[in-house]
Structures are given as C-alpha cells and as structure tokens.
Amino acid sequence: MASTEQNGRNVIDQAKVRVLLLESIHPDAVARLEEDGFHVECAPTALDEAELIERLAGVHLLGIRSKSQVTSRVLDAADSLVGIGAFCIGTDQIDLPHASANGVAVFNAPFSNTRSVVELAIAEIIALTRRLTEKNTLMHSGVWDKSADGAHEIRGRRLGIVGYGNIGTQLSVLAENLGMSVSFYDTADKLALSNAHRCASLDELLESSDVVTLHVDGRPGNAGFFGAEQFAKMRPGALFLNLSRGIVVDHLALRDALKSGHLAGAAVDVFPSEPKGRGDEFVSELRGLPNVILTPHIGGSTEEAQSDIGGFVANKLAKFVTEGNTTLSVNLPGVALPESPGLHRIVHVHINTPGVLAQVNRIMAEHNVNVEAQMLSTRGEYGYLITDIAAGYSEDVLNQLRSMEQTVRLRVLN
C-alpha cells in the first residue's frame, strides 16, 4: 500500500519515504527499509537537539539507539515524522507521551539483544571472581603473579539480580546452570524461575548476595536509585555490575566503595554521560581502578544482536508505514489487519473517548461508503482505528474524519 498523509502534514508517497538512521544502525535495517523503496540516510553518531531538529525536516521515519534524545521540541519541529524506531531495548530517550500526542508510533527491540547482555554479565562475573583483569594487567607489565589469593569459583556463590525482566530472568537461569544460587528483587510481581529466591526487599538482596547486578530501566524515578546507602549494605568483598542505565548509579559512591575495599570489584557498561561516537574521550570517576571492568555500552553490541535488532525494528517501521500495523508499538495501541488489495485503508489515531467508532462509521454511512474491514484498539488516552474501504469515496469523508475533535492523526494507505 502507498501512504498519504491527510492531517495537514506533508503527503507521503511510499516511493518517497525518507528515513534517517543514527548511531551506526546495522546494515540489515537499511536493506529492509530499502526493500520497500524507502530512501535511507545514515549517520554514525548521535545528534544533539538542534542538529536533530535540522536533520528531521522532511523525514518520515527516524531510527536511533540510546544516545539521541527525541524531546518534545524535536517532535514538534518534525514536520513529516510518523514513526520512530529505537534500535535497542530502552525508550526512555524518547518523549513517549508527546510522540503519542503527535500520532507518532514508536517501536523498539525488547528481546533481540537480551542474550548478548546476559552473556556479557556472566563473562564479567567470572572475570571479576577470578581477578582476571588484574592478572592480565600484571602480565602485560611483565609481572608473573601465580597466586590464588582473592580468586574464587562462581559455583556456590549467590547472585543478586535487581530487576527481573527479560534480561534478569535469562541471567537467572544461566547463573543457576553454572552452579550459582540466585536471588532477585523487583517492584513488580514476578514469577521466580527454577530455584531463584524472591527477596521481599532490596536490603534483603544486598545483605545476602556475593554479586549484585542491576537490570532496571531508565525512567526518571530510577535516577540515583543506587548510591552510598545501598553500597554500604552490600556484603564486604562483594562484586557489583551495572549493565542497565547509567543514571541509576552514583559513580562517586561506587568509587569510594571500591577504593575503601568494601567492594572487591565492579563492572560497568553504562554511564550518566557518554561520548557521542567512537574515538571521543571517555570521562569517568571509575577510570584507573584496577578492580573495575569498564566497557563502552556494548552489552547488546554483538553482531548477532545488532543484526536481529536491525531487521526487527526496521520491519516494524516498514509495516507501520505501508499497512498501519502497530503490533508491539511502545506507545500506540496494537492493531494489525492483513493487506487488502484494491482497498483503501484509513488509519486514525484519536483521543480515546466514548463514541469515536460510532462517529467514524456514521460519517462513512452518510457518504454511502461500505466498510470492508475494521479494527479498533485503545491504550490509555489514545485509540487506534484501522478501516478498510473501497476506492471511489469523496474527499468530504476524509475532511470530516480529519475535523473530528478527537482526531490526532489521519493517514490513508492505498
């Protein structure tokens, strides 16, 4: 289906759909979007707000990873934007309420790189428990230190997982298979897998775990979630990992806990402030500490994961433009109808109030338009309606739908 914008923004012709992909998104995403005839532009780094506003002129689809911030100002300035793809797990870098208010669909990849993050966590737990990084540094300095002091097996040690979502649960299973005991804490009611123990409080987890690893999201309420108070409650000699969001940890407090010897080591993959691109200087309070593994936000950066993410999110964006499919959208209700050759598809994002469907169908009936297929779904404040009709309807139909007070955005696919 081709797509036509009918809410006062630019008209979209499928052959002229413009896509902007930032932050070195995998070539598989480019190939998938070009498959539908879209014109794809790529940039290797993130853009700041002013740069993003400038580059989004005339762009219909935006693809980002974790560093580009899609603010309300960006969304309001984007004259043609209909969809955003977060080629990662998190979407806290996007103003989701404002995207919904503008009728812009947002998609992410909640599952594609979970295995990569889990494998990195396991590798770092083993490396820290065996003090491999310290031994490696000594060897490269010409020092032979064949000693078992401070080196342990992970078998029999207790792993405490804070955040028991897609990543936390996979890590739980693999850690048990390696002989670890597992505890977890989550504010949501989560079912424990295998022999994992659910802690009633974060304090219980901290006081009983040999290794604590964070897998929480970056919502504003989690900023500064883990600081001096939490580090003090961890067991002496414990290890700490953060592969979730940089803002959730007080890095000065972590440095103090490491330098005092209270913690034996840490591994950190995410930071409150990160460089825009490869080669830029990385600044952190944790640099130079021998018992710390620092990685440049690569938890999900394996070739397998990035390929899966590229294809998955790009396919969601393409299906949204060509079919109106919002399945697995982060912010809009999920609706999907199979393609209907020979029919026109009206895609209607609207404020979720009683009587919208009846009003749409009344407009259709008044103009003798037969509805061939229809599906409606709502999520909180917004509703999403797909209606398939035969060609030959008058422009008055679209004008009346567009002028409904509940209408947020109207598109016609044909």
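Residues numbered from 1 in each chain as written. Predicted model: local features only at pLDDT ≥ 70, side-chain atom pairs only at ≥ 80, totals over all residues. Heavy atoms only, no water.

## Focus: the overall build of the chain
1) Next: Within the chain, the regular secondary structure consists of 13 helices and 17 strands.
2) Next: Expressed as lengths along the three principal axes of its C-alpha atoms, the size of the chain is roughly 85 × 45 × 30 Å.
3) Next: For the chain, buried positions account for 50% of its 414 residues.
4) Next: Long-range pairs, those at least 24 residues apart, make up 65% of the contacts in the chain with a sequence separation of at least 6.
5) Next: Approximately 18200 Å² of the chain is accessible, and the part contributed by carbon and sulfur atoms is 50%.
6) Next: Both charge centroids of the chain, one from 35 positive and one from 50 negative side chains, sit 4 Å from each other. (Helix = DSSP H or I, 4+ residues; strand = E, 2+ residues; numbered from the N terminus. Buried < 20%, exposed > 50% of the residue type's maximum accessible area, 1.4 Å probe, protein only. Contact = heavy atoms within 4.5 Å. Areas by Shrake-Rupley, 256 points an atom, 1.4 Å probe, with all protein chains shown as cover. Lys, Arg positive; Asp, Glu negative; His and termini not counted. Charge placed at Lys NZ, Arg CZ, Asp CG, Glu CD.)

## Considering unusual backbone geometry
1) Next: Positive phi, normally seen in glycine, also occurs at Ser24, with a value near 55°.
2) Next: Residue position: Ser24 is located in the loop between β2 (18–21) and α1 (27–35).
3) Next: The backbone phi angle of Leu328 is positive, close to 70°, even though this residue is not glycine.
4) Next: Position of Leu328 relative to the elements: it lies in the loop between α11 (303–323) and β14 (343–351).

## Here's the deal with the environment of Ala43
1) Next: Within the secondary structure, Ala43 sits in the loop between β3 (39–42) and α2 (49–55).
2) Next: Leaving out residues up to four positions away in the same chain, Ala43 has contacts with Leu21, Leu22, Glu23 and Ser24.

## Details of the packing of aromatic side chains
1) Next: Evaluation of the coordinates by the stated rule reveals seven aromatic pairs.
2) Next: Centre to centre, the rings of Tyr164 and Phe184 are 3.7 Å apart; their planes meet at 10°, and the pair counts as stacked. You can see Tyr164 sitting in the loop between β7 (158–162) and α7 (166–177) and its partner Phe184 sitting in strand β8 (residues 181–185), a full 20 residues away along the chain. Note on accessibility: Tyr164 and Phe184 belong to one class, buried.
3) Next: Taken together, the aromatic side chains of Phe225, Phe226, Phe231 and Phe240 make up a single cluster linked through ring pairs.
4) Next: In this structure, Arg411 packs its charged tip against the face of Phe320, placed 4.4 Å from the ring centre. (Phe/Tyr/Trp six-rings, centres within 6.5 Å; stacked < 30°, edge-to-face > 60°. Lys NZ or Arg CZ within 6 Å of the ring centre and 35° of its normal.)

## Examining the side chain of Glu124
1) Next: Tracing the backbone through its elements, the reader meets Glu124 in helix α5 (residues 114–129).
2) Next: At 14 Å, Arg245 is the nearest oppositely charged side chain to Glu124, a buried residue that forms no salt bridge. (Salt bridge = Lys/Arg side-chain N within 4 Å of Asp/Glu carboxyl O.)

## As for the state of the cysteines
1) Next: One pass over the structure, following the stated rule, counts zero disulfides.
2) Next: Here Cys88 is not disulfide-linked; the sulfur of Cys42 is the nearest cysteine sulfur, at 16 Å. (Disulfide = S-S within 2.5 Å.)

## Some details on the sheet that holds strand β4 (residues 61–64)
1) Next: Read from one edge to the other, the open sheet built from five strands follows the order β3-β2-β4-β5-β6, with strand pairing classed as parallel. On the outer flanks of this sheet lie β3 and β6 (105–107), each paired with one strand and no other. Neighbour to neighbour, the strand axes of the sheet diverge by 15° on average, direction disregarded. (Pairing = 2+ DSSP bridges. Axes fitted to C-alpha atoms, helices over the stretch in contact; angles between N-to-C directions.)

## Remarks on the packing of helix α12 (residues 356–366) against helix α13 (residues 395–403)
1) Next: Look at α12 against α13: their axes get within 10 Å of each other, and the N-to-C directions meet at 160°. Classified by the interaxial angle, the pair formed by α12 and α13 is roughly antiparallel. Where α12 crosses over α13, the handedness of that crossing is right-handed. Contact residues: Val360, Ile363, Met364 and Glu366 in α12; Val397, Gln400 and Leu401 in α13. (Parallel < 35°, antiparallel > 145°, perpendicular 65-115°, else oblique. Left-handed = near helix turned anticlockwise from the far one by under 90°.)

## Points about the pattern of salt bridges
Oppositely charged side chains can pair when the atoms bearing their charge come close.
1) Next: Scanning the entire structure with this criterion turns up 22 salt bridges.
2) Next: Linking Glu41 and Arg18 is a salt bridge whose minimum nitrogen-to-oxygen distance equals 2.7 Å. Placement of the pair is Glu41 in strand β3 and Arg18 in strand β2, with a sequence separation of 23 residues.
3) Next: Taking the relative accessible area as the measure of exposure, Arg18 reaches 26% and is therefore partly exposed.
4) Next: Here Glu41 makes a salt bridge to Arg55, at a shortest N to O gap of 3.8 Å. A residue pair is termed long-range when its members are at least 10 positions apart, and Glu41 in strand β3 and Arg55 in helix α2 qualify at 14 residues.

## Concerning the nonpolar core
Where a protein is soluble and globular, its nonpolar side chains tend to be buried together.
1) Next: Val19, Leu21, Leu33, Phe38, Leu61, Phe87 and Tyr384 are the most contacted members of the largest nonpolar core, which totals 32 residues.
2) Next: Counting only elements with at least two residues in this core, the list comes to β2, α1, β6, α11, β14, β16 (382–390) and β17 (407–413).
3) Next: Tallying contributions element by element places α11 first for this core, with seven residues.
4) Next: Ignoring any residue separated from it by four or fewer positions in sequence, one finds Leu33 in contact with Val19, Leu21, Phe38, Val40, Leu61, Ala314, Leu317 and Ala318. (Core = buried A, V, L, I, M, F, W, Y, C linked by side-chain atoms within 4.5 Å.)

## A short note on helix α10 (residues 251–259)
1) Next: Every buried residue of α10 is accounted for by His251, Ala253, Leu254, Ala257 and Leu258. What you see down the axis of α10 is that its buried residues fit within an arc of 155°, all on one side.
2) Next: Looking at the packing, one finds that the buried side of α10 touches α9 (228–233), β11 (238–242), β12 (263–268) and β13 (292–294).
3) Next: If you check the start of α10, you find a side-chain oxygen 3.1 Å away from the backbone N of Leu252, and it comes from Asp250.
4) Next: Directly after α10, the chain includes Gly261, whose backbone phi takes a positive value near 90°. (Arc of directions from axis to C-beta. Polar contact = N/O pair within 3.5 Å; in protein donor to acceptor, adjacent residues only side chain to side chain.)

## Some thoughts on the sheet that holds β7
1) Next: Pairing within the open sheet is parallel, and its seven strands lie in the order β9-β8-β7-β10-β11-β12-β13. Two strands lie at the open edges of the sheet, namely β9 (197–198) and β13, each paired on one side alone.
2) Next: Taken together, the five bridges between β11 and β12 define a ladder with parallel strand orientation. When the bridges of β12 are listed, Leu239 appears paired with Gly265.
3) Next: Relative to the sheet, α5 contacts β7, β10 (211–214), β11, β12 and β13, its axis offset from that of β11 by approximately 150°.

All quantities given are derived from atomic positions and should not be read as evidence of function.
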